[in-house]
Amino acid sequence: LAKTTQPISMDSYEGQEVNITCSHNNIATNDYITWYQQFPSQGPRFIIQGYKTKVTNEVASLFIPADRKSSTLSLPRVSLSDTAVYYCLVGTTIYNQGGKLIFGQGTELSVKP
Amino acid sequence: GAVVSQHPSWVICKSGTSVKIECRSLDFQATTMFWYRQFPKQSLMLMATSNEGSKATYEQGVEKDKFLINHASLTLSTLTVTSAHPEDSSFYICSARDQLLSTDTQYFGPGTRLTVL
């Protein structure tokens with residue numbers, strides 16, 4: 001399983017765009033990149049998932065360069081409620097390889113007024 | 001869609017007793033579920049992979065006789081913490097793998113807070 005590296009913490013202000021970059025140098029051909037958000041005492045919530053280039057949904061955008069060795073989660077115009085820990089994970093979709101995800105330390109995002 | 005529930009949301013028990021935690025996928029079938037635990041200010045730690053109709057696969061260092069996992073149906077997996085002790089107090093989270101999606105996404109339950117006195 002590819003190891004991921006993210007900044008431990010980030011600070012931002014309401015209304016700003018926040019970009020969190022994750023490196024995954026050993027990503028395999030069949031691996032997808034998935035980002036989760038976790039609030040205290042809650043299970044992680046799925047944000048976005050992608051394989052290459054750019055993916056956008058109603059919550060965030062995910063940018064993945066051609067070499068796929070990194071990815072950037074972009075949160076537009078953050079609010080105080082976006083204060084949470086964000087996890088970048090890389091997991092295989094190949095059924096017989098189990099599909100398990102190994103969580104890294106995550107990025108603790110603090111949004112200030 | 002893609003909702004995973006856990007029951008109970010919190011439980012307090014005496015040392016030496018056993019506690020069962022349920023994980024259900026409400027709107028999809030999950031042949032594979034995962035169990036994690038999380039200590040305060042730490043990341044999630046994968047404990048085991050639960051496969052429907054077969055034995056669970058435990059991560060290194062996790063005692064299979066202490067953390068019993070049963071995945072009897074495509075929508076339900078249970079984790080039983082046997083002879084619980086205070087050091088087992090933690091936040092237990094399950095996830096269910098929706099393999100029908102082309103991207104094979106995992107969805108997480110809300111977690112169960114276990115406190116052993």
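This report concerns the structure included in the present document. (Residues numbered from 1 in each chain as written. Chains lettered and ligands numbered in written order. Predicted model: local features only at pLDDT ≥ 70, side-chain atom pairs only at ≥ 80, totals over all residues. Heavy atoms only, no water.)

Turning to the pattern of salt bridges, a few remarks are in order. All names here are of chain A. Following the criterion strictly, the structure yields 3 salt bridges over all chains and no others. Measuring nitrogen to oxygen at the nearest pair gives 3.8 Å for the salt bridge that ties Asp 11 to Lys 112. In this pair, Asp 11 is assigned in strand S1 (residues 9-13) and Lys 112 in strand S9 (residues 107-112), connecting sequence segments 101 residues apart. Classification of Asp 11 by relative accessible area gives exposed; the value is 56%. (Salt bridge = Lys/Arg side-chain N within 4 Å of Asp/Glu carboxyl O. Helix = DSSP H or I, 4+ residues; strand = E, 2+ residues; numbered from the N terminus. Buried < 20%, exposed > 50% of the residue type's maximum accessible area, 1.4 Å probe, protein only.)

Our next topic: the side chain of Arg37(B). Residue and element names in this part refer to chain B. Its place among the elements puts Arg 37 in strand S4 (residues 32-38). No salt bridge forms around the buried Arg 37; measuring N to O, its nearest opposite-charge neighbour Asp 88 is 4.4 Å away. With near-sequence residues (within four places) excluded, Arg 37 lies in contact with Ser 43, Leu 44, Met 45, Met 47, Phe 67, Asp 88, Ser 90, Phe 91 and Tyr 92. (Lys, Arg positive; Asp, Glu negative; His and termini not counted. Contact = heavy atoms within 4.5 Å.)

Turning our eyes to something else, we now look at the nonpolar core. Of all hydrophobic cores here, the largest spans 25 residues; its most connected members are Val4(B), Trp35(B), Phe67(B), Leu79(B), Tyr92(B) and Leu114(B). Counting residues per element, the ones that place at least two in this core are strand S2 (10-13), strand S3 (19-25), S4, strand S5 (45-51), strand S7 (67-73), strand S8 (76-81), strand S9 (90-98) and strand S11 (112-116) of chain B. Beyond its immediate chain neighbours, meaning those up to four positions away, Leu79(B) contacts Val19(B), Lys20(B), Ile21(B), Trp35(B), Phe67(B), Leu68(B), Ile69(B) and Tyr92(B). Counting 21 residues, the second largest nonpolar core, distinct from the first, contains Val18(A), Leu62(A), Ile64(A) and Leu75(A). (Core = buried A, V, L, I, M, F, W, Y, C linked by side-chain atoms within 4.5 Å.)

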